[in-house]
Amino acid sequence: PQLFDSSLAEAWIRAIAAAVEKERARLTELDSAIGDGDHGSNLQRGFAAVLTALEGLRPTDPGAVLTKAGTTLVSKVGGASGPLYGKAFRAIGAALPGPAGPAALADALAAGLDAVRALGKAEPGDKTIVDAWTPAVAALRDAAAAGATLPEAAAAAADAADRGARDTVPLQARKGRASYLGERSIGHQDPGATSTALLFRALADVTAA
Ligand code: ADP
Ligand code: MG
Ligand code: MG
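Residues numbered from 1 in each chain as written. Chains lettered and ligands numbered in written order. Predicted model: local features only at pLDDT ≥ 70, side-chain atom pairs only at ≥ 80, totals over all residues.

### Focus on the overall build of the protein chain
Helices and strands together make up the secondary structure of the protein chain, namely nine helices and zero strands. Element order for the protein chain, N to C, with α for helix and β for strand: α-α-α-α-α-α-α-α-α. A compact globule built from 209 residues would reach a C-alpha radius of gyration of about 17 Å, and the protein chain, at 16 Å, matches this within 12%. Counting only C-alpha atoms and orienting by the principal axes, one finds that the protein chain spans roughly 45 × 40 × 30 Å. Across the 209 residues that make up the protein chain, the buried fraction comes to 56%. Across the protein chain, contacts joining residues at least 24 apart in sequence account for 66% of those joining residues at least 6 apart. (Helix = DSSP H or I, 4+ residues; strand = E, 2+ residues; numbered from the N terminus. Rg over C-alpha atoms; globule rule 2.2 N^0.38 Å. Buried ≥ 20, exposed ≤ 12 C-beta atoms within 10 Å, placed from the backbone. Contact = placed C-beta atoms within 7 Å.)

This is the structure:
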């Protein structure tokens with residue numbers, strides 16, 4: 001599809017829930033290395049609650065779906081990632097009052113990143129969600145500016161998020177629990193950056209379908 005509309009927003013959330021379910025063990029393993037081992041279960045529980053919350057919702061715009069997802073994540077997920085992803089989805093939702101093409105979707109996802117940064121105060125390079133989300137938004141913007149289709153732009157964003165997540169391996173964590181480890185956080189991929197890469201891959205998958 002060429003426009004990110006309410007049915008695509010719902011498909012995106014369903015694809016995220018499926019990806020988080022599938023990758024739960026891996027996310028937990030990554031968080032066991034440099035955190036408290038709950039990232040997989042936090043997100044699995046959160047997105048399962050989001051699916052329940054979406055039942056019976058008959059959204060007319062993509063923003064309604066994503067705002068509902070965000071509100072649910074804030075209320076159901078503890079830890080750092082619940083409020084961060086929750087506020088991000090609320091911000092994305094607020095920025096999508098109607099169907100969006102690549103440029104408007106890039107703006108909405110940039111608003112999501114701004115929300116993460118406003119709450120978490122992480123800079124790029126701090127080994128967090130921000131390290132996957134920032135290059136993904138940049139790639140989406142560049143692709144949109146170059147006239148890419150929605151699936152092309154989303155694929156570029158997903159690839160950039162994957163690279164951003166992998167590039168967290170050599171970094172020392174400066175925010176969140178992993179920062180308590182100091183130099184011992186070096187050499188491990190950040191769980192949150194990894195789950196952000198899953199979000200962008202899910203977006204690429206549903207727009208390509
Ligand atoms: P907790 O660490 O509270 O158990 P999770 O395990 O669900 O929460 O999430 C951990 C992830 O949250 C980290 O891998 C990191 O990417 C992200 N994170 C933690 N603090 C911040 C922050 N201040 N800004 C952005 N992301 C953060
Ligand atoms: Mg954790
Ligand atoms: Mg925790």
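### Some thoughts on the nonpolar core
Membership of the largest hydrophobic core comes to 68 residues, with the highest contact counts inside it found for I16, A136, L140, A157 and L203. If you tally residues by element for this core, the top one is helix α8 (residues 150–166), at ten residues. (Core = buried A, V, L, I, M, F, W, Y, C linked by C-beta atoms within 7 Å.)

### Brief notes about the packing of helix α1 (residues 6–22) against helix α9 (residues 191–208)
It is at 8 Å that the axes of α1 and α9 come closest, and there the two elements cross at 130°. Accordingly, the angle class assigned to the pair α1 and α9 is oblique. Remark: the crossing between α1 and α9 carries right-handed chirality. Residues L8, A11, W12, A15, I16, A19 and V20 of α1 pack against L198, L199, R201, A202, L203, D205, V206 and T207 of α9. Taken together, the residues of the contact of α1 with α9 break down into twelve nonpolar, one polar and two charged. (Axes fitted to C-alpha atoms, helices over the stretch in contact; angles between N-to-C directions. Parallel < 35°, antiparallel > 145°, perpendicular 65-115°, else oblique. Left-handed = near helix turned anticlockwise from the far one by under 90°. Nonpolar A, V, L, I, M, F, W, Y, C, P; charged D, E, K, R; others polar.)

### Concerning the site of ligand 1
G79, G120, T128, G176 and G192 are the nearest of the 24 residues found near ligand 1. At three residues, the largest contribution of residues to the shell around ligand 1 is made by α9. When its residues are assigned to classes, the shell around ligand 1 shows eight nonpolar, nine polar and seven charged. (Near = placed C-beta within 6 Å.)

### So, unusual backbone geometry
Excluding glycine, residues mostly have negative phi values, and the peptide bonds linking residues are mostly trans. One non-glycine residue with positive phi stands out, namely K121, at about 60°. Along the chain, K121 turns up in the loop between α6 (102–120) and α7 (130–145). In the Ramachandran plot, K127 falls in the positive-phi region, its phi being about 70° despite a non-glycine side chain. For K127, the position within the fold is in the loop between α6 and α7.

### Observations regarding the environment of P59
The topology assignment puts P59 in the loop between α3 (39–54) and α4 (62–76). Residue classification places P59 among the partly exposed residues on the basis of 17 C-beta atoms within 10 Å. As for P59 and A9, which are separated by 50 residues in sequence, their C-alpha atoms are 9.6 Å apart. Beyond its immediate chain neighbours, meaning those up to four positions away, P59 contacts S6, E10, A64 and V65.

Any functional reading would require information that these geometric values do not contain.
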